[in-house]
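Here are the chains, one letter per residue:
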Amino acid sequence: MSAHTFQAHRPALTTAPAPAAGSPAAAPAPLTAAGPRTAAGASAAAGGVPAGRDAYAHLSLTRTVPKEFVHRASVAEVLLTDWQRTGEDRFTVSAQWPRGHSFFTPIAGYHDPLIAAETIRQSGLLLAHTEYGVPLDHSFVMHDLSIAVDPAHLRVGAAPAALTIDVTCSDITRRRGRAASLRYTSTLRRDGHVLARADASCTCTPPAVYQRLRGNRTHTTPLPLTAPTAPQTVGRTSPTDVVLTPTAHPHTWQLRTDTRHPVLFDHPVDHIPGMVLLEAARQATTAHLGHPTLPLTLTTTFTNYAELDTPCHLQTHTTTPTTPGRHTTHITCHQNNHPVFHSTITTTTP
């Protein structure tokens, strides 16, 4: 994918820092550019333990990375378990997917491909904070994300899926020694097999800059919750997980925003998170095609924030399939006559 031109004056998808318990979280100490990181981001000089080792010099036990590094309030929503620098701007991240996630539920025996997108999102945040000196109070604006999965390695097995993710960071800009923007390209492997490849870019925004960008939009009242479309038409079983509301127009839906949802809105935010938009695109694709779908590729460009207090509308259309059994659906979202995002999703029937 070619490098994306950042539109910092009109950012689209922000990952806001998760609220810390007690006093505001301090920024992580800058880490050295070479050599292994230290466990949980603590510096060795401060008494930390080298990566991959615990206090007893054994291989470290499996545990999630600190939730603050991936902007999650709930530890249960942290998918990453470890990371290590492997070269200049190259890293290996480990992750684990449960066999039954509360929201990223299996699709006909396959892990939900959108859990791969969430894993990629978390990886970029983790590395920005721990390896590129971005303070924890910064907001992240994602500009684009693309992912392609191999369903042969998505099958839910007899144990949680253990993954390794090789990440290469590029197009890095720095301000005051910290990353201000970067692109990261990832290869996800499971049992040595390539499960997915992904590419994404983001900018890292200090609090004062974010406040100027958002202005009075940081204190808006969300729209009243609208009625969900029938869950079975969008590949869901529970109405609480439906993010679309039907309209009178064909292939058009209103975005349904439930800020009480414990996964999609893990913590308070001032706009609709990007993972909600990706889920809306997936659900709109399923509704448009009229049958269950398994996403194989997803490419999304975010162009504006999706505000909580104004209706968003999604429209879909398909293009003629070039591969039997696969369909390509284009999803566009507008709010106040401005584009919010565009997704292209290729699916198969599971």
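Residues numbered from 1 in each chain as written. Predicted model: local features only at pLDDT ≥ 70, side-chain atom pairs only at ≥ 80, totals over all residues. Heavy atoms only, no water.

## Some words on the packing of aromatic side chains
If you walk through the whole model with that rule in mind, you get five aromatic pairs. When the centroid spacing of 5.9 Å and the interplanar angle of 75 degrees are considered together, the rings of Phe91 and Tyr132 count as edge-to-face. With Phe91 in strand S3 (residues 90-97) and Tyr132 in the loop between helix H1 (113-131) and strand S4 (139-149), the pair connects residues that are 41 residues apart, well separated along the chain. Each member of the pair, Phe91 together with Tyr132, is buried. Over the aromatic face of Tyr110 sits the side chain of Arg155, whose NZ or CZ is 4.1 Å from the ring centroid. Its end group placed over the ring of Tyr305, Arg214 keeps NZ or CZ at 4.2 Å from the ring centre. (Phe/Tyr/Trp six-rings, centres within 6.5 Å; stacked < 30°, edge-to-face > 60°. Helix = DSSP H or I, 4+ residues; strand = E, 2+ residues; numbered from the N terminus. Buried < 20%, exposed > 50% of the residue type's maximum accessible area, 1.4 Å probe, protein only. Lys NZ or Arg CZ within 6 Å of the ring centre and 35° of its normal.)

## A few points about the packing of H1 against helix H3 (residues 274-289)
Contact pair H1 / H3: the axes reach a minimum separation of 11 Å and the direction vectors enclose 160 degrees. When the axes of H1 and H3 are compared, the pair comes out roughly antiparallel. Crossing of H1 against H3: the hand is right-handed. Taking contact as the criterion, the partners of Leu114, Ala117, Glu118 and Arg121 in H1 are, on H3, Met275, Leu278, Glu279 and Arg282. (Axes fitted to C-alpha atoms, helices over the stretch in contact; angles between N-to-C directions. Parallel < 35°, antiparallel > 145°, perpendicular 65-115°, else oblique. Left-handed = near helix turned anticlockwise from the far one by under 90°. Contact = heavy atoms within 4.5 Å.)

## Some details on the nonpolar core
Soluble globular proteins tend to pack their nonpolar side chains together in the buried interior. Ranked by internal contacts, the top residues of the largest apolar core, which has 77 residues, are Trp97, Ile147 and Tyr184. The element contributing the most residues to this core is H1, with nine residues. (Core = buried A, V, L, I, M, F, W, Y, C linked by side-chain atoms within 4.5 Å.)

## Observations regarding the confidence of the model for the chain
Overall, the predicted model of the chain reaches an average pLDDT of 86, with 83% of residues at or above 70. Confidence drops under pLDDT 50 across residues 1-13; counting only partners more than four residues distant or on other chains, this segment forms 43 contacts. The low-confidence segment residues 19-59 (pLDDT under 50) makes 56 contacts with residues lying over four places distant or belonging to another chain. (pLDDT = per-residue confidence, 0-100.)

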